[in-house]
Amino acid sequence: MKRVVIIGAGYAGILTAKKIAKKIKKQKKQGEVEITIIDKKPFHTMLTELHEVAAGRVDEDSIKISLSKVFAGRKVNVKLDTVTEVDFEAKVVKGEEASYEYDYLVIASGSKPTFYGVPGVEEYTFKLWSYEDAILLKDHILNTFRKAAVEKNAEERKRMLTFYVIGAGFTGVEMIGELAEYVPILCEKFEIDRSEVTMVNVDGLSRPIPNLPEKLSAKVAKRLNKMGVQLYMNASVTHVTENSITLKCNGKEETRSIGTVIWGAGIQSSDIAAAAADALEKQRGGRIPVDKYLRSTKDESVYVIGDNMYYVPEGAEVSVPQMVENCEQSADVAAHNIISVLTGKGEMEEYKPAFHGVMVCIGGRYGTAHVGLPGHFFSLPSFLAMFAKHFINIIYFIQVLGWNKIFSYIKHEFFTVRDCRSFVGGHFSNRTPSFLLVPLRFWLGAVWLFEGIMKIVEGWLSEPKLQGFFGGAQAWYDSILNAGGGAADAVSTATTAASNAAAAADAVSSATGAAGAAADTAASVGHVIFNWNILGLFKMVFVSGADLASSTLSDLAFRLDVPLMNWFVDKAILPHDGVQIAMQVFIVIAEILIGLALMGGLFTSPAAAVSLVLQFMFVCTTGLYLGTFWMIFAGIAVLIGAGRTIGLDYYAMPALKKWWRKLPLIRKLYLYQD
């Protein structure tokens, strides 16, 4: 039994463990390899999203991913422990709770803030490098405004509302951007004059986000200034106290009063990685040099990835950056090479990173990005930059927690975002009380139930009806589309089909309605509004059964004419009475069950989904009158969560979800939502 131990469940560690487990299972070597991942917390933290929680834009749960859920159904041992030492000679990882022997070790323990020896920084500043940091800062910001609102001394109030963010890299700029977006909301909430709040971003560099081209850095600076942030570049922090900060610029020192200092001025390897570097080989910031296969240059059984690795790719002048994309790419190569060594199959892969650029978000509504392929980079405007940021996050979530985390992320970032703080302007936020959907849900269900019952009365369970059902509609459309020499014959055919269908009162499908219209308007073939052929794949047909000037919604009909659907209906359904009746029984039962489910608010989401599927079938076969299109929009409106208000789903869904999450296959495939 070979043992692989991974220290750290950050971006790099968690992906390495999943990839090794997947490859081992694929090669049917699960009984020969034991994988253990060690972390001091039971969850993975989205470090790149900490500022969103700290400034109150999203819920704190949005940045946590449970390790037990990530590795559910996978042969990975998750150990909650704090690693204190690695004995490389004995090949043992020592923790506070236990020791872990290994054959191959992966060091992916991440980073921590570095304070450069500046007095007072560690004691008197807020950090932003963990889940706890974000929660602490969020509560502090809110309490600061709460206290300032009742502070009578103007000078003291102004001091309390003075915020300094140290560092104009990604962490610092994104934090000050979120804060600047949050401040006007807090000022309004606590009735504080906006002019009393001071926000300053300090850095020793000459411009914010030096990783970006100068033009984009200028855009970042301009945006921050517009949001009320003072940029203080070419300045360094020399001392911090509880109520003051000392800055040095052009050889001169200046002490200023402050209320809050947030430190985001640099990182270094975690304590355990730095200790490992002392035993192996050490570079700046406690990073460990690795060879082209990501093995320590001093121990080939030790792989180092993510923020802890020091590696200068061929042709490059500096080491790979400490960023998420490096974590992802190094995890893939390390997993491949460990599997190659364990199984003796395949060749080891050299690490040739291909980074695709950088992006920075300044609040929830503005971003900038410089992306592309090596040698072919381009800039993205704000909307596309924000879109790219969310898309990249979703790609990462697919690897880590599949559907469950994607749904949760979209909900937090778009559907429940506070104060319209989204790059789409908050238009997707749910600000309407869900109980207002109850009458719509009930009425939609009542209509479906009525339609199902009427079909039973009309004999849909005992004799074939679809020939007239579909044929009458087709003839009606033909009578309008083929207006001219054959119009009279077409109308006559439609009239006969309508009589055979004997279902002119059906309000859901415009097929029988159209057939009935053909019988009533034999003297007129209506009006074609448009008949578009879309790339030869399908047609979009929109017609009126009456003169356009006198048309009502009950005269206007829309249909998607899909050749494949037509072929299936003509060849597989209509020629066989038994198949027709089976299809009719399905439609009737579906309509009744949908109706009952929506009226009772039980299994509302599946019922609304099936409702939309049936409507789509009708649109593609018989078309729908515009008078019944409201059912499509109603189905969309009640698709998510409408049954939780004054409905049986309020009781049934929590119990069902609890049972569903316990199923091993469901947990393994992440086919649930929290």
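Residues numbered from 1 in each chain as written. Predicted model: local features only at pLDDT ≥ 70, side-chain atom pairs only at ≥ 80, totals over all residues. Heavy atoms only, no water.

(A) Structural view of the nonpolar core. Val-86, Val-93, Leu-105, Ile-141, Phe-145, Met-175 and Leu-294 are the most contacted members of the largest nonpolar core, which has 116 residues in total. Here the element with the most residues in this core is helix α7 (residues 170-190); it accounts for 10 residues. Each residue touching Leu-294, except ones within four places of it in the same chain, is listed here: Val-302, Tyr-303, Val-304, Ile-305, Met-309, Ser-330, Val-333, Ala-334 and Tyr-351. Ranked by size, the runner-up nonpolar core spans 36 residues in total, among them Trp-460, Leu-574, Val-619 and Ala-634. (Core = buried A, V, L, I, M, F, W, Y, C linked by side-chain atoms within 4.5 Å. Buried < 20%, exposed > 50% of the residue type's maximum accessible area, 1.4 Å probe, protein only. Helix = DSSP H or I, 4+ residues; strand = E, 2+ residues; numbered from the N terminus. Contact = heavy atoms within 4.5 Å.)

(B) Structural detail: the sheet that holds strand β2 (residues 33-39). With mixed pairing, 6 strands are arranged side by side in an open sheet as β5-β2-β1-β9-β22-β21. The sheet terminates laterally at β5 (76-80) and β21 (295-296), the two strands that pair on one side only. As judged from the 6 bridges shared by strand β1 (residues 2-7) and β2, these two strands associate in the parallel manner. Directly across from Ile-6, in β2, lies its bridge partner Ile-37. (Pairing = 2+ DSSP bridges.)

(C) Up close: the domain arrangement of the protein chain. Split by domain assignment, the protein chain resolves into domain 1 (2-111 + 268-355), domain 2 (131-265), domain 3 (359-429) and domain 4 (436-483 + 500-660). The distance between the C-alpha centroids of domain 1 and domain 3 comes to 26 Å. On the side of domain 3, 18 residues touch domain 1, which itself brings 22 residues to the contact. The three residues of domain 1 that bury the most area against domain 3 are Arg-57, Asp-59 and Ile-65, which together make up 30% of that side's buried surface. Here domain 1 and domain 3 share 3 salt bridges between them. Glu-413 serves as the salt-bridge partner of Arg-57, at 3.4 Å between the closest nitrogen and oxygen. Elements with a contribution of two residues or more to the side of domain 1 that touches domain 3: α1 (11-26), β4 (64-66) and α3 (67-70). Residue contributions to the side of domain 1 that touches domain 3 peak at 5 residues, all from α1. Considering only residue class, the side of domain 1 that touches domain 3 consists of 9 nonpolar, 3 polar and 10 charged. (Domains from an automatic or database assignment. Buried area = accessible area lost by both parts, 1.4 Å probe. Salt bridge = Lys/Arg side-chain N within 4 Å of Asp/Glu carboxyl O. Nonpolar A, V, L, I, M, F, W, Y, C, P; charged D, E, K, R; others polar.)

(D) Spotlight on a positive patch on the surface. On the surface, a cluster of positive charge is made up of Lys-215, Lys-219, Lys-222 and Lys-226. You can see Lys-222 is positioned in helix α8 (residues 214-226). Judged by its relative accessible area of 65%, Lys-222 is exposed. (Patch = residues over 30% accessible without salt bridge, like charges linked within 9 Å, V, L, I, M, F, W, Y side chains within 5 Å. Areas by Shrake-Rupley, 256 points an atom, 1.4 Å probe, with all protein chains shown as cover. Lys, Arg positive; Asp, Glu negative; His and termini not counted. Charge placed at Lys NZ, Arg CZ, Asp CG, Glu CD.)

(E) Focus on the pairing of strand β16 (residues 244-249). Taking burial as the measure, the 6 residues of β16 include 5 buried ones, the bulk of the element. Adjacent in sequence and paired antiparallel, strand β15 (residues 236-240) and β16 are bridged by 3 residues. Direction of pairing for β16 relative to strand β17 (residues 252-257): antiparallel, over a ladder of 6 bridges. The residue bridging Leu-247 from the neighbouring strand is Glu-254, located in β17.

(F) The pairing of strand β25 (residues 367-373), seen in detail. Burial analysis of β25 places 6 of its 7 residues in the buried class, which makes it a mostly covered element. As paired strands, strand β24 (residues 357-361) and β25 are joined by 5 bridges and run antiparallel to one another. The partner of Gly-357 across the bridge, within β25, is Val-371. Hairpin connection, β24 to β25: the antiparallel pair is bridged by 5 residues, and Gly-363 has positive phi, about 80 degrees. Examined bridge by bridge, β25 and strand β26 (residues 376-380) share 5 bridges and lie antiparallel to one another. For Leu-373, the partnering residue across the bridge sits in β26 and is His-376.

(G) Up close: the sheet that holds β26. Overall, antiparallel pairing links the 3 strands, which are arranged β24-β25-β26 in an open sheet. Strands with a single pairing partner mark the edges of an open sheet, and in this sheet they are β24 and β26. On average, each strand axis in the sheet is tilted by 15 degrees relative to the strand beside it, whichever way the strands run. Across the sheet, helix α11 (residues 382-400) is in contact with β24, β25 and β26; its angle to β24 comes to roughly 105 degrees. (Axes fitted to C-alpha atoms, helices over the stretch in contact; angles between N-to-C directions.)

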